[in-house]
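Architecture at a glance
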Amino acid sequence: IGIGFNAMAGAISNADGTVAIGGSALAALTSGTANIGIGYQALLVNNTGSSNVAIGYQAMATNVDGGYNVAIGDKALQFFEADAGGHGDNTAIGYIAGQFISTGTQNTFIGNKSGTGDTSNRLAGNANTCVGSDSGYLLSTGANSNTLIGQGAGTAMTTSTLNVAVGANALD
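To start, this report covers the structure provided alongside it. (Residues numbered from 1 in each chain as written. Predicted model: local features only at pLDDT ≥ 70, side-chain atom pairs only at ≥ 80, totals over all residues. Heavy atoms only, no water.)

**As for the pattern of salt bridges**
Inclusion rule: For this document, the term salt bridge refers to a Lys or Arg side-chain nitrogen within 4 Å of an Asp or Glu carboxyl oxygen. Secondary structure follows DSSP: runs of H or I at least 4 residues long count as helices, runs of E at least 2 residues long count as strands, and numbering of each begins at the N terminus. Between buried and exposed lies partly exposed: a residue is buried under 20% and exposed over 50% of the maximum accessible area for its type, with that area taken using a 1.4 Å probe on protein chains only.
Enumeration according to the criterion identifies 1 salt bridge in this entry. For the salt bridge of lysine 113 with aspartate 134, the shortest nitrogen-to-oxygen distance reads 3.8 Å. With lysine 113 in the loop between strand E7 (108–110) and strand E8 (129–131) and aspartate 134 in the loop between E8 and strand E9 (147–149), this residue pair connects regions lying 21 residues apart in the sequence. A residue is classified by how much of its surface remains accessible, and lysine 113, at 31% relative accessible area, is partly exposed.

If you want it as structure tokens, here you go:
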């Protein structure tokens, strides 16, 4: 189902179970199945990625072939692109949550600006969990396996690995 200007405009050969609502939502889709893109440019360049949910303005806009991701919020996972077809398993919920993840997998960011990252040193790390507004705000490059819970927890952390912070502004 495609509703909106250029929604699902690609030459689709197999997109079973896919829904695109909004201008240019899933515009490049050719064969990815079970995707849901709701919002202007949600999953914009997704071509073969499957089982993704992107709700919000430019949510997961640059994903081409990653799968099993959930991005809810304006620009959530905006710059994610899997390092291999089907990789992903990321969850980002909130305004610009996980915005600058590049190839990282199995990350969970819940809260506005949670795990936003750095535009010039995008996050390629895996298994980070950030819950709370601004938690893990600057995580970048190879940050791996961090658990940051609380508003602003780990806000200043960049490439750290294996840290646990619980409480507002912990490890700042």
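**Brief notes about the side chain of asparagine 69**
Defined as follows: Polar contact is the term for a pair of N or O atoms within 3.5 Å; when the atoms are in protein, one must be able to donate a hydrogen and the other to accept it, and sequence-neighboring residues count only if both atoms are side-chain atoms. Any two residues whose heavy atoms approach within 4.5 Å are treated as being in contact.
Tracing the chain through its elements places asparagine 69 in the loop between strand E4 (53–55) and strand E5 (70–72). At 2.9 Å, the side chain of asparagine 69 forms a polar contact with the backbone nitrogen of asparagine 90. The residues touching asparagine 69, leaving out its near neighbours within four places in the chain, are Ser51, Asn52, Val53, Met60, Leu77, Phe80, His87, Gly88, Asp89 and Asn90.

**A short note on the nonpolar core**
Formally: Residues belong to a common nonpolar core when they are buried Ala, Val, Leu, Ile, Met, Phe, Trp, Tyr or Cys residues joined through side-chain atoms within 4.5 Å.
Counting 30 residues, the largest nonpolar core has Met60, Leu77, Phe109, Leu139 and Leu148 as the members making the most contacts within it. In this structure leucine 77 touches Met60, Ala61, Asn69, Val70, Ala71, Asn90, Ala92, Ala97, Gly98, Gln99 and Ile101, once residues within four positions along its chain are discounted.

**Brief notes about the environment of asparagine 107**
Relative to the helices and strands, asparagine 107 is located in the loop between strand E6 (91–93) and E7. Taking the relative accessible area as the measure of exposure, asparagine 107 reaches 0% and is therefore buried. A C-alpha to C-alpha distance of 9.5 Å links asparagine 107 and asparagine 146, two positions 39 residues apart in sequence. Setting aside residues up to four positions removed in sequence, asparagine 107 forms contacts with Asp89, Asn90, Thr91, Ile101, Leu123, Gly125, Asn126, Ala127 and Asn128.

**Digging into the packing of aromatic side chains**
Here is the rule we go by: In summary, the pairing rule links any two rings of Phe, Tyr or Trp, Trp by its six-membered ring, whose centres are within 6.5 Å, and it sorts them by plane angle into stacked for under 30 degrees, edge-to-face for over 60 and tilted for everything else. For a ring to carry a charge above it, either NZ of a lysine or CZ of an arginine must fall within 6 Å of the ring centroid while also lying within 35 degrees of the normal to the ring plane.
On inspection of all chains with the given rule, the structure shows 2 aromatic pairs. Aromatic pair tyrosine 40 and tyrosine 57: ring centres 5.8 Å apart, planes at 15°, arrangement stacked. One end of the pair, tyrosine 40, is in the loop between strand E3 (36–38) and E4; the other, tyrosine 57, is in the loop between E4 and E5, with 17 residues separating them in the sequence. With a centroid separation of 5.3 Å and an interplanar angle of 5°, the aromatic rings of phenylalanine 79 and phenylalanine 100 are classed as stacked. With phenylalanine 79 in the loop between E5 and E6 and phenylalanine 100 in the loop between E6 and E7, this pair connects stretches of sequence that are 21 residues apart. Taking relative accessible area as the criterion, phenylalanine 79 reaches 24% and is therefore assigned partly exposed. Residue classification places phenylalanine 100 among the buried residues on the basis of a relative accessible area of 12%. Here the basic side chain of arginine 122 rests over the ring of phenylalanine 79, its NZ or CZ set 4.3 Å away from the ring centre.

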